[in-house]
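Summary of the model geometry
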Amino acid sequence: VWTLHDMWMMTGGEAYTFQNDNYKKGIGKTPYIHVHPLQDPLFDRRQHFIELKKKIYADIADKLTLVPVSRWLESCLNSAYVYNKNMKIQCIYNGINLSIFQNRHQRNWTKPRLLFFNNESEFKGSELFLNIISRIEKDYELIIVGDHLKLDINYMYFKYTDNREHLSEIYNMADILVFPSLAESFGLTVLEALACGVCVIASDAGGLTEALDNESSYLFKSGDDEDLLNKINYA
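All figures in this text were calculated on a predicted structure; none of them were measured in a lab. (Residues numbered from 1 in each chain as written. Predicted model: local features only at pLDDT ≥ 70, side-chain atom pairs only at ≥ 80, totals over all residues. Heavy atoms only, no water.)

The subject of this paragraph is the sheet that holds strand β1 (residues 2–4). Strand pairs in the sheet, formed through backbone hydrogen bonds, run parallel or antiparallel to each other. Pairing within the open sheet is parallel, and its 3 strands lie in the order β1-β2-β3. Each edge of the sheet is formed by a strand with only one pairing partner; in this case those strands are β1 and β3 (88–89). Note that β1 and strand β2 (residues 65–68) share 3 bridges and pair parallel. Note on β2: the bridge partner recorded for Trp2 is Leu66. (Pairing = 2+ DSSP bridges. Helix = DSSP H or I, 4+ residues; strand = E, 2+ residues; numbered from the N terminus.)

Dropping the structure here:
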């Protein structure tokens, strides 16, 4: 049994191929050699590896159960070059602990608070947020978790944490989560935020549209910083 949290098992080596469909055609190479987990290897052996994966999966297909964590990831697998009809595939969504992630109803501050998880990974879309932050119309307070942002404004800062209780506390300090990720298989962060009563503004990338809709949140077109700005200003 193999749980899939990204696209790695169906590509030449990328965790995500964004809008590139070479993994469907049996072409190992894409433009994304510089991102994790490849990170500019000395030798690009992606074509070798996608062929090798196809052979290995064919040899064990009738013994292999694959568990993608979203319908989006399941559809990627079904259309992949390495797919074999004898594989068993069962989508099981990620979940969160609602005894930890819950709304504590303590939002009594006056300015809206924006929460942003900053990571230098190309997947996370930090540049989109940086492009528009100076044009947010209302006065607000900013909370950053993870890597520092180079900004001329003060903000509350928390180091990255995987402590769930601490994360719940942080969510309950915020009104709006800005989540411009360019690649998400499902998106536990947005579920945690919703459970804590946070308004979520997220891209429509990957499996995020299965976790969110425009009734419980605001979805913007992935990679479109103007659409992101409009959604923040409206929220």
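Once that is clear, we can look at the pattern of salt bridges. As a working rule, side chains carrying opposite charge can pair if their charged atoms are close by. Enumeration according to the criterion identifies 13 salt bridges in this entry. For Arg46, the salt bridge goes to Asp44, with nearest N and O atoms at 2.9 Å. Among the ionic pairs, Asp62 bridges to Lys63, the shortest N-O distance being 3.7 Å. Each of the two residues, Asp62 as well as Lys63, counts as exposed. Overlapping salt bridges, with partners in common, bring together Glu14, Asp44 and Arg46 in one network. (Salt bridge = Lys/Arg side-chain N within 4 Å of Asp/Glu carboxyl O. Buried < 20%, exposed > 50% of the residue type's maximum accessible area, 1.4 Å probe, protein only.)

Here we take up the packing of aromatic side chains. Given two aromatic rings, their pairing is described by the distance between the two centres and the angle made by the two planes. Counted according to the given criterion, the structure contains 10 aromatic pairs. Judged by centre distance (5.5 Å) and plane angle (50°), the rings of Phe18 and Phe123 are tilted. Here the residue Phe18 occupies a position in the loop between β1 and α1 (22–25), and Phe123 occupies one in the loop between β4 (113–118) and α4 (126–132), the gap between them amounting to 105 residues. Between the aromatic rings of Phe117 and Tyr171, the centroid separation amounts to 6.0 Å while the plane-to-plane angle is 50°, which identifies the pairing as tilted. (Phe/Tyr/Trp six-rings, centres within 6.5 Å; stacked < 30°, edge-to-face > 60°.)

Buried residues of helix α3 (residues 71–78): Leu73, Glu74, Cys76 and Leu77, and no others. Viewed along the axis of α3, the buried residues span an arc of 160°, placing them on a single side of the element. On its buried face, α3 sits against β1, α1, β2 and β3. (Arc of directions from axis to C-beta. Contact = heavy atoms within 4.5 Å.)

Here β2 pairs with β3 via 2 bridges, running parallel. Counted as the bridge partner of Thr65 is Lys88 from β3. Read as a crossover between parallel neighbours, the route from β2 over α3 to β3 is right-handed. (Right-handed = clockwise from strand over helix to strand, strands pointing away.)

All quantities given are derived from atomic positions and should not be read as evidence of function.
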